[in-house]
Amino acid sequence: MEIKRKAKGWFLSFFREIFVYHNSSLEFRAKLLAAVIGSNKVITDCEKDLLLEVAQEIYPEDIARVDVLVNTTKEFVSKIIENNGLNVNELIMSINQDLKEVKRFHEKIEIEQLKKFLVCVDDEETHITQVRIIEYLENTIENFNKIR
């Protein structure tokens, strides 16, 4: 049963633009998570466990979406780690562009969920980078709420 679920998750992740309802929202959330996780330059077991936990919080009734969110986030993180056409700064710029284009995405930013990942790093420099990413997102939300 687990193999079937993973295969379905992989399939949906690969073809998410076609088969996944509100794919852009899911992909935006994956970018947020990947920005924090990817700044670590490695995905630890702690981060993998928290990623699954957060995905289940976001989509408690939909295991397929949980799997797609986890796989999409890992895909972004892998691109960052492997230096495969994506780095954290580019991802932040992409998030910023998404926020400008789709105003409802501001509501998708869950700061407390992102802060959970801070416990997974021992490196002070990575911790500072993660805190700055989260602070940037907090400021973005505050500025958006002022404009409303």
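Note that the coordinates shown come from a computational prediction; the quantities given were computed from them, not determined experimentally.

Thresholds, definitions, all that
- Residues numbered from 1 in each chain as written.
- Predicted model: local features only at pLDDT ≥ 70, side-chain atom pairs only at ≥ 80, totals over all residues.
- Heavy atoms only, no water.
- Helix = DSSP H or I, 4+ residues; strand = E, 2+ residues; numbered from the N terminus.
- Buried < 20%, exposed > 50% of the residue type's maximum accessible area, 1.4 Å probe, protein only.
- Contact = heavy atoms within 4.5 Å.
- Areas by Shrake-Rupley, 256 points an atom, 1.4 Å probe, with all protein chains shown as cover.
- Axes fitted to C-alpha atoms, helices over the stretch in contact; angles between N-to-C directions.
- Parallel < 35°, antiparallel > 145°, perpendicular 65-115°, else oblique.
- Left-handed = near helix turned anticlockwise from the far one by under 90°.
- Expected span 1.5 Å × (residues − 1).
- Salt bridge = Lys/Arg side-chain N within 4 Å of Asp/Glu carboxyl O.
- Disulfide = S-S within 2.5 Å.

Peer 1: Explain the overall build of the protein chain here, please?
Peer 2: Along the protein chain, the regular secondary structure elements total eight helices and zero strands. For the protein chain, the sequential pattern of α-helices and β-strands runs α-α-α-α-α-α-α-α. Buried residues in the protein chain amount to 45% of all 148 residues. Taking as baseline every contact in the protein chain between residues at least 6 positions apart, the subset at least 24 positions apart corresponds to 73%. Total accessible area on the protein chain is roughly 8800 Å²; 52% of this is exposed by carbon and sulfur atoms.

Peer 1: What is the right way to look at the packing of helix α3 (residues 23-38) against helix α5 (residues 63-81) in this model?
Peer 2: Between two packed helices, what matters for the description is the angle formed by their axes and the separation of those axes. Packing of α3 against α5 brings their axes to within 8 Å, and their N-to-C directions diverge by 45 degrees. As the angle between them shows, α3 and α5 are arranged oblique. Between α3 and α5 lies a crossing of right-handed hand. Facing L26, E27, R29, A30, K31, L33, A34, I37 and G38 of α3, the residues of α5 in contact are R65, V68, L69, T72, T73, F76, V77 and I80.

Peer 1: Quick question: what am I supposed to make of helix α8 (residues 124-147) here?
Peer 2: Given 3.6 residues to a turn, an α-helix orients residues that are three or four positions apart in the same direction. The end-to-end C-alpha distance of α8, which contains 24 residues, comes to 35 Å, matching closely the 34 Å that a straight helix rising 1.5 Å per residue would cover. Turning to α8, its buried residues number three or more, namely T126, Q130, I133, I134, L137, T140, I141 and F144. Buried-residue contacts for α8 involve α3, α4 (45-58), α6 (88-101) and α7 (111-115).

Peer 1: Where do I start with unusual backbone geometry in this structure?
Peer 2: Residues apart from glycine generally show negative phi values, whereas peptide bonds are mostly found in trans. At K41, a position not held by glycine, the phi torsion is positive, near 65 degrees. Tracing the sequence through the fold places K41 in the loop between α3 and α4. Residue K41 is classed as partly exposed on the basis of its relative accessible area, which comes to 49%.

Peer 1: It is not clear to me how the side chain of S25 should be interpreted in this structure. Could you clarify?
Peer 2: Tracing the sequence through the fold places S25 in helix α3. A relative accessible area of 3% means that S25 is categorised as buried.

Peer 1: How should I be thinking about the pattern of salt bridges in this particular structure?
Peer 2: Side-chain pairs of opposite charge can arise whenever the charged atoms involved come near each other. This model, assessed by the stated rule, comprises five salt bridges. Ionic pairing is found between E53 and K116, a salt bridge with its closest N-O pair at 3.3 Å. A residue pair is termed long-range when its members are at least 10 positions apart, and E53 in helix α4 and K116 in the loop between α7 and α8 qualify at 63 residues. Judged by relative accessible area, E53 falls into the partly exposed class, the value being 36%. Looking at K116, the relative accessible area reads 26%, which means it is partly exposed. Put simply, E112 and K115 hold a salt bridge, and the shortest N to O gap is 3.8 Å.

Peer 1: Is there a simple way to think about the state of the cysteines in this case?
Peer 2: Here the structure, examined in full by the defined rule, presents one disulfide. The disulfide that involves C46 links it to C120, with 2.0 Å between the sulfurs. Torsion about the S-S bond of the C46 and C120 cystine: about -65 degrees, corresponding to left-handed handedness. Separated by 74 residues along the polypeptide, C46 in helix α4 and C120 in the loop between α7 and α8 bring together distant segments of the chain. Judged by its relative accessible area of 11%, C120 falls in the buried class.

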